[in-house]
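Structural description and commentary
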Amino acid sequence: MKQIIYESYLELLHLNEQKADSIQSLFGIYLNKDEPLDLLPGNMTSIHVIQCIGDHEPINHKGISRTMMISKANITKVTRKLQEDGLIRAVKLNDNKKEVYYKLTPEGRKVHDMHMKLHNEKKRAFMNMIEAFSVEEQRTIASFLEKMTESIRHEHGQL
C-alpha cells in the first residue's frame, strides 16, 4: 500500500509540474477575446505574487515574503520582473517615503482576476470530489496533507 501511495504522489507531482509549465494553456480558457492580456507571467510563482499583491495591496516586500513564505531574494527577483512587464508598480505612501509598496496595474488586475476565477473553479471541483470520502477519511487525508506540507517546508528551510 505504501508503494501505491508513493507512486500516486509522484504522479500527482508530475501532473502538477506539467500543468504549471503551461501557464498560457492553464489560463487559456479565461482569456477574454474582447479584452486580451498582453502579457501573462511565465511561471506560477509570479502569478501567486500578483495574487498576493492584489489581495493585500498596498503591500511591501517584507509583507509579500512573509505571506507567501518565500525568501526576500526571490521576491526581489519576481517583483523586478513583474514591474518590467507592467503588471505591478512600486509606490511610496504619504506617511512613509522610504518604504516601497506594490500595487497591481490594470493589466496585473486582469491576471489576478483570472487567477481567482481559476482558483474558484478548482476549489468547487475539489470540494465535489472530496465529498465522496467519509468524514473520517477526510480527516486522514487532511492529516496526510499537513504532514506532507510540513515535510516539504522543512526540506526548503521554511520552518
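The notes below deal with the structure included here. In this text, all values refer to a predicted model and were calculated from it rather than measured experimentally. (Residues numbered from 1 in each chain as written. Predicted model: local features only at pLDDT ≥ 70, side-chain atom pairs only at ≥ 80, totals over all residues. Heavy atoms only, no water.)

**Side note on a nonpolar patch on the surface**
There is a patch of nonpolar side chains on the surface, built from Met-1, Ile-4, Ile-5, Phe-144 and Leu-145 and spanning about 530 Å² of accessible area. Contributions of two or more residues to the nonpolar patch are made by helix H1 (2-21) and helix H7 (135-155). Examined against the element boundaries, Phe-144 turns out to sit in helix H7. (Patch = residues over 30% accessible without salt bridge, like charges linked within 9 Å, V, L, I, M, F, W, Y side chains within 5 Å. Areas by Shrake-Rupley, 256 points an atom, 1.4 Å probe, with all protein chains shown as cover. Salt bridge = Lys/Arg side-chain N within 4 Å of Asp/Glu carboxyl O. Helix = DSSP H or I, 4+ residues; strand = E, 2+ residues; numbered from the N terminus.)

**Here we look at the environment of Gly-54**
Position of Gly-54 among the secondary structure elements: in helix H3 (residues 44-56). We classify Gly-54 as buried; its relative accessible area is 14%. Distance from Gly-54 to Val-111, taken between C-alpha atoms, is 9.6 Å for residues 57 residues apart in sequence. Setting aside chain neighbours within four positions, we find Gly-54 in contact with Leu-104, Arg-109 and His-112. (Buried < 20%, exposed > 50% of the residue type's maximum accessible area, 1.4 Å probe, protein only. Contact = heavy atoms within 4.5 Å.)

**Considerations on the pattern of salt bridges**
Throughout the structure, instances matching the rule amount to 4 salt bridges. For Arg-139, the salt bridge identified is with Glu-136, shortest N-O distance 3.4 Å. Taken together, the residues Arg-139 and Glu-136, both in helix H7 and 3 residues apart, mark about one turn of the helix. Each member of the pair, Arg-139 as well as Glu-136, carries the same accessibility label: exposed.

**Focus: the sheet that holds strand E2 (residues 88-93)**
In space, the 3 strands of this open sheet follow the order E1-E3-E2, with antiparallel pairing throughout. At either margin of the open sheet sits one strand with a lone partner, and together these are strand E1 (59-60) and E2. (Pairing = 2+ DSSP bridges.)

**So, the side chain of His-61**
Structurally, the position occupied by His-61 is in helix H4 (residues 61-68). A distance of 2.9 Å separates the side chain of His-61 from the backbone oxygen of Lys-72, its partner in a polar contact. When residues no more than four places from it in sequence are discounted, the contact partners of His-61 are Lys-72, Ile-75, Thr-76, Thr-79, Val-100 and Tyr-102. (Polar contact = N/O pair within 3.5 Å; in protein donor to acceptor, adjacent residues only side chain to side chain.)

Just distances and angles here, no functional claims.
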